[in-house]
Amino acid sequence: MNRNLPKYLWAALLTVGTLGALTVSVFAVGAGVSAEQKQKEMEAAVVKAADAPSADLTKLQCANLVYAGTKSSICFADKFLTDVATQTNLNVGKNFIPVRLDADNVFDFPFCVWSGEDDFSLTKKERENLRKYVLNGGFILSSPGCSDPRWDTALRRELKLIFPEYKLVKLPMSHPVFSIVNQITQLTDKHGAPAFVEGMEINGRLVMVYSKDGLNDVSNAKGCCCCGGNMIAESVLVNVNVFTYALLY
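Residues numbered from 1 in each chain as written. Predicted model: local features only at pLDDT ≥ 70, side-chain atom pairs only at ≥ 80, totals over all residues. Heavy atoms only, no water.

Visitor: Hey, could you run me through the sheet that holds strand S1 (residues 62-66) in this one?
Guide: Across a sheet, paired strands are connected by hydrogen bonds in the backbone, their directions being either parallel or antiparallel. In spatial order, the strands read S2-S1-S3-S4-S7-S6-S5; together these 7 strands make up an open sheet with mixed pairing. Looking at the sheet topology across the chains shown, the edges are occupied by strand S2 (97-100) and strand S5 (169-170). Across 2 bridges, S5 lies against strand S6 (residues 198-202) in antiparallel orientation. Bridge pairing links Lys170 to Glu198 in S6. This element, helix H5 (residues 149-162), spans strand S3 (111-114), strand S4 (139-142), S6 and strand S7 (205-210) of the sheet and lies at about 155° to S7. (Pairing = 2+ DSSP bridges. Helix = DSSP H or I, 4+ residues; strand = E, 2+ residues; numbered from the N terminus. Contact = heavy atoms within 4.5 Å. Axes fitted to C-alpha atoms, helices over the stretch in contact; angles between N-to-C directions.)

Below you can see the structure in the form of structure tokens.
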């Protein structure tokens, strides 16, 4: 276990919070509105909520990053957080908290989900915050919505700019991240073909897990119009393991 965790993280591990987790309410969508438009409206609501995030920091909270100014995603399901709470003793907030990558309060969150669709470019402040966040103990779980190759290209471009000395590499199935809670012996896409996830390590610490195919668990993502692309079939199990590993190692 990492003994250099910040004080707020130890408090979250040891204290049972009394406040409810934030839920993002979105306005009703009338008849005739397309699924794509509904998703855009819900994404806009997530972005707006990030302007004034509210979270019980006595719990282990997962941030849903708002980045590139106004980009975020509702196509990454937070169901795995409930599974973590059920399968471990971690005191976990069960809903994502929308948080801006360029804001100071991103450092209040030990774990972030980073997802979305289409091309993007981070701002200078976002790049600075992302590097500082990861180097100071933060963890990123990431994949594109609907296996979008444009988002995959953009993410890899940004990582090269922000972390020129570190690379994403394929994680072997022998890595403890695949066995800490659930025993995962293989990864497959939704068609049954072999799949894999990548990771970034800094000074021997795993700081990011990424899948170009998808770990989004779209079937449990409310309001998402995405088909899930070539999503990894074992995504929920992987996400439970990644969250637990990130907080205990």
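On we go from here.
Visitor: Could you clarify how one ought to interpret the environment of Lys40 in this entry?
Guide: Relative to the assigned elements, Lys40 resides in helix H2 (residues 35-49). Classification of Lys40 by relative accessible area gives exposed; the value is 55%. Measuring from C-alpha to C-alpha, the distance between Lys40 and Cys224 comes to 9.1 Å, with 184 residues separating the pair along the chain. (Buried < 20%, exposed > 50% of the residue type's maximum accessible area, 1.4 Å probe, protein only.)

Visitor: Please explain the state of the cysteines as it appears in this structure.
Guide: Disulfide: a covalent bond connecting the sulfur atoms of a pair of cysteines. Tallied over the full model, the rule gives 1 disulfide. For Cys75, the disulfide goes to Cys224, at an S-S distance of 1.9 Å. Measuring handedness by torsion sign, the sulfur bridge of Cys75 and Cys224 sits at about 100° and is right-handed. Taken as a pair, Cys75 in the loop between S1 and helix H3 (79-87) and Cys224 in the loop between S7 and helix H6 (235-248) lie far apart in primary sequence, 149 residues in all. Classification of Cys75 by relative accessible area gives buried; the value is 1%. Free of any disulfide, Cys62 has its nearest cysteine sulfur in Cys112, 6.7 Å distant. (Disulfide = S-S within 2.5 Å.)

Visitor: I'm lost on the nonpolar core in this one. Help?
Guide: Soluble globular proteins tend to pack their nonpolar side chains together in the buried interior. Counting 31 residues, the largest nonpolar core has Phe80, Phe111, Leu141, Val209 and Phe243 as its most contacted members. Secondary structure elements with two or more residues in this core: H3, S3, S4, S7 and H6. Top contributing element to this core by residue count: H6, with 7 residues. Setting aside chain neighbours within four positions, we find Phe80 in contact with Cys62, Phe96, Phe111, Val113, Leu141, Val236, Asn239, Val240 and Phe243. Counting residues in hydrophobic clusters, the runner-up holds 28 residues, among them Ala63, Tyr67, Val99 and Val134. (Core = buried A, V, L, I, M, F, W, Y, C linked by side-chain atoms within 4.5 Å.)

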